[in-house]
Amino acid sequence: MYLGLDLGTSGVKALLIDDRQTVVGSGHGSLDVSRPHAGWSEQNPAHWIEACQTAIAELKTSHPKELAAVKGIGLSGQMHGATLLDASDKVLRPCILWNDTRSHVEAAALDADPRFRKLTGNIVFPGFTAPKLVWVKDNEPSVFAAVAKVLLPKDYLRLWLTGEHISEMSDSAGTSWLDVGKRQWSSELLAATTLDEKHMPSLVEGTAKAGGLRGELASKWGIASGIPVAGGAGDNAASACGMGTVGAGHAFVSLGTSGVLFAANASYLPNPESAVHTFCHALPNTWHQMGVILSATDSLNWLSEITGKGAGDLTGELGDKLKAPTGVAFLPYLSGERTPHNDAAIRGSFTGLAHQSSRAVLTQAVLEGVAFAFRDSLEALKTAGTTLTRVTAIGGGSRSRYWLKAIATALQLPVDIPADGDFGAAFGAARLGLIAATGADPLAVCTAPATDATIEPDAALGGAYADAYQRYRALYPAIRSATARAGAS
């Protein structure tokens, strides 16, 4: 058996798989987010441990024999969080999370230093780790002076599991301190934030052993002491391992609260100007790129709340056959946008409304707007040298066949729908635990799921969608100043 632990923002998931990679059982522990001020988002790292214990206790109750047979553990987690420890590994303050925006001024200042984009291949976003440490230095100087180690969230769990300060490449690539091409900490970028390598954990690949399970925990859970804990991965890279998106040209489109177009790469292909994320992958000598949409299913959920109709009811009104764009367009910038605009102030809009614009027309425009936002990410990936031939759809929004038809036609790519199964971050983490424990070939383990169906682009509507996309692209510069003022107010 192999155990995957995924530390998310809302909870910890523990997933057991056997040596055939069949899911055996899972457990869950819930988490809350603290928001003491506008733009702040924090968690107490002690709560991560409590949630992990809850999840594993659930597994021990439901699958005691299987848990006892665990031979390797893999970790996945929310990225970018700043967990600050003193010299005795005591937590100095609540962890500042990925969606905390307090350090936007510090992020802009670091991004203005050309070394950051050159070495990391990415814009310095407010959610990344480095600007958070600058904020702490400027606003909580006594805390900053006591910092001995900075750990990412899942790596704080590793410290508890193993007693080791270790991270891996995919998660560390989101700190703004990693030389992403060389896969090593940059002393130059650390110095720019008044830190050095002694403040950082050591680095391994996600498939490598990164400590062994402490005897105290092994005894409590009935697991063998010292079994390997894999380096693991940040949440998106772990999901990619679960989906088998690890080879060059492999890609998935995730229709969740936010949207992600994720592409695996065999080489380092940065393009920070497009707001594409370029990170190390969890497997050695591989990288990945991500275009990120901040409001994907969130856009449909917003319309659902406004209209008082369920999201499924709204999409159901459209029927099964894809319709030509109506001329009503929707920009899904309800909370700003990441790729390609890197614009926190922009806000969404409907344009082209008329008396005959029914609820179904608005729903269609929302689905098309999100599809065109994915097309923006696809174009940004092309600019960075990545060409895709097909994508696999995951996430709650992928249950809408109409939406997948719109995405396939907007991207002009076939969209594969995987057979039922759990292919998320916890599953990817368990796969990495298996590789670290057995030395198995990562590419042989991280295979893609069977395809249940494929949605092809609608050839008859290709031209109409291409025209609608060009109108969509023209809207952002046309409305930016007006909606940005509203978004900032």
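Trainee: How should the overall build of the chain be read in this particular structure?
Mentor: A count of helical and extended segments in the chain gives 18 helices and 24 strands. Computed over the C-alpha atoms, the radius of gyration of the chain is 22 Å, within 12% of the 23 Å expected from 2.2 N^0.38 for a compact globule of 489 residues. Projected onto the principal axes, the alpha-carbon positions of the chain cover approximately 70 × 50 × 40 Å. In the chain, buried positions account for 58% of the 489 residues. In the chain, the proportion of contacts linking residues at least 24 apart, taken out of those at least 6 apart, comes to 72%. Accessible area of the chain: about 18100 Å², with a carbon and sulfur share of 52%. In the chain, 40 side chains carry a positive charge and 46 a negative one; their mean positions are 1 Å apart.

Trainee: Which parts of the structure should I look at to understand the pairing of strand E2 (residues 11–17)?
Mentor: Moving residue by residue along a regular strand, the side chains alternate between the two faces of the sheet. Counting buried positions along E2 gives 6 out of 7 residues, so the element sits mostly inside the fold. As judged from the 6 bridges shared by strand E1 (residues 2–7) and E2, these two strands associate in the antiparallel manner. Each residue of the ladder has a partner; that of Leu3, found in E2, is Leu16. Remark: 3 residues form the turn of the hairpin made by E1 and E2, two consecutive strands paired antiparallel. Bridge count between E2 and strand E3 (residues 23–30): 7 bridges; the pairing is antiparallel. Across the sheet, the residue bridging to Leu16 is Gly25, located in E3. What sits between the antiparallel neighbours E2 and E3 is a turn of 5 residues, in which Gln21 has the positive phi angle 70°.

Trainee: Even after reading the chapter, I still don't get the packing of aromatic side chains, so can you show me in this structure?
Mentor: Geometrically, a pair of aromatic rings is defined through the distance of the ring centres and the angle of the planes. Summed over the entire model, instances satisfying the criterion amount to 15 aromatic pairs. Seen from their ring centres, Phe372 and Tyr469 are 5.7 Å apart, and the 45° between their planes marks the pair as tilted. With Phe372 in helix H14 (residues 359–383) and Tyr469 in helix H18 (residues 462–488), the pair connects residues that are 97 residues apart, well separated along the chain. Side by side, Phe372 and Tyr469 carry an identical accessibility label, which is buried. Ring geometry for Phe372 versus Tyr472: centroids 5.6 Å apart, planes at 50°, classification tilted.

Trainee: Looking at this structure, I do not really get the sheet that holds strand E22 (residues 391–394). What am I missing?
Mentor: Strand pairing in a sheet relies on backbone hydrogen bonds, with the paired strands running either antiparallel or parallel. On the basis of which strands lie adjacent, the open sheet formed by 7 strands has the order E18-E19-E17-E16-E22-E23-E24 and mixed pairing. Strands at the two margins of the open sheet, each flanked by one partner only, are strand E18 (277–280) and strand E24 (451–455). Averaged over all pairs of adjacent strands, the angle between strand axes in this sheet comes to 25°, irrespective of strand direction. Looking at chain direction, strand E17 (residues 259–265) and strand E19 (residues 287–293) are connected through 7 bridges and run antiparallel. Residue pairing in the sheet places Ala263 in a bridge with Gln289 of E19. Helix H11 (residues 235–243) rests against strand E16 (251–255), E17, E19, E22 and strand E23 (415–418) of the sheet, and its axis sits at about 70° to E17.

Trainee: What's the story with the nonpolar core in this structure? I'm lost.
Mentor: The nonpolar side chains of soluble globular proteins are, as a tendency, buried together. In this structure, Leu84, Leu133, Trp177 and Leu432 are the most contacted members of the largest nonpolar core, which totals 66 residues. Per-element tally for this core: the top contributor is helix H16 (residues 425–438), with 8 residues. When neighbours within four sequence positions are excluded, Leu133 is seen to be in contact with Ala82, Leu84, Phe144, Val150, Trp177 and Leu195. Judged by nonpolar contacts, the second largest core, of 55 residues, contains Val366, Leu404, Ala410 and Leu461.

Trainee: Could you clarify how one ought to interpret the environment of Ile166 in this entry?
Mentor: Looking at the element boundaries, Ile166 is found in strand E9 (residues 166–168). Take Ile166: its relative accessible area is 10%, and that puts it in the buried class. For the pair Ile166 and Gly312, spaced 146 residues apart in sequence, the C-alpha to C-alpha distance is 44 Å. Those residues in contact with Ile166, other than ones at most four positions away along the chain, are Asp155, Arg158, Pro201, Ser202, Val204, Ala210 and Gly211.

Trainee: For this particular structure, what's the right way to read the packing of H11 against H16?
Mentor: Working note: a packed helix pair is described by the angle between its axes plus the distance between those axes. It is at 7 Å that the axes of H11 and H16 come closest, and there the two elements cross at 75°. Taken together, H11 and H16 sit at an angle that is classed as roughly perpendicular. Along its contact with H11, which presents Asp235, Ala238, Ser239, Cys241, Gly242 and Met243, the element H16 presents Ala425, Phe427, Gly428, Ala429, Arg431 and Leu432. Grouping the amino acids of the contact of H11 with H16 by side-chain chemistry returns 7 nonpolar, 3 polar and 2 charged.

Trainee: Looking at this model, I keep getting lost on the environment of Ser335. Mind explaining?
Mentor: Looking at the element boundaries, Ser335 is found in the loop between strand E20 (329–331) and strand E21 (349–351). For Ser335, a relative accessible area of 40% gives the class partly exposed. Aside from chain neighbours lying at most four places away, what touches Ser335 is Leu294, Ser295, Ala344 and Arg347. Engagement of the side chain of Ser335 in a polar contact is seen with the side chain of Ser295, the distance being 3.5 Å.

What counts, and at which threshold
Residues numbered from 1 in each chain as written. Predicted model: local features only at pLDDT ≥ 70, side-chain atom pairs only at ≥ 80, totals over all residues. Heavy atoms only, no water. Helix = DSSP H or I, 4+ residues; strand = E, 2+ residues; numbered from the N terminus. Rg over C-alpha atoms; globule rule 2.2 N^0.38 Å. Buried < 20%, exposed > 50% of the residue type's maximum accessible area, 1.4 Å probe, protein only. Contact = heavy atoms within 4.5 Å. Areas by Shrake-Rupley, 256 points an atom, 1.4 Å probe, with all protein chains shown as cover. Lys, Arg positive; Asp, Glu negative; His and termini not counted. Charge placed at Lys NZ, Arg CZ, Asp CG, Glu CD. Pairing = 2+ DSSP bridges. Phe/Tyr/Trp six-rings, centres within 6.5 Å; stacked < 30°, edge-to-face > 60°. Axes fitted to C-alpha atoms, helices over the stretch in contact; angles between N-to-C directions. Core = buried A, V, L, I, M, F, W, Y, C linked by side-chain atoms within 4.5 Å. Parallel < 35°, antiparallel > 145°, perpendicular 65-115°, else oblique. Nonpolar A, V, L, I, M, F, W, Y, C, P; charged D, E, K, R; others polar. Polar contact = N/O pair within 3.5 Å; in protein donor to acceptor, adjacent residues only side chain to side chain.

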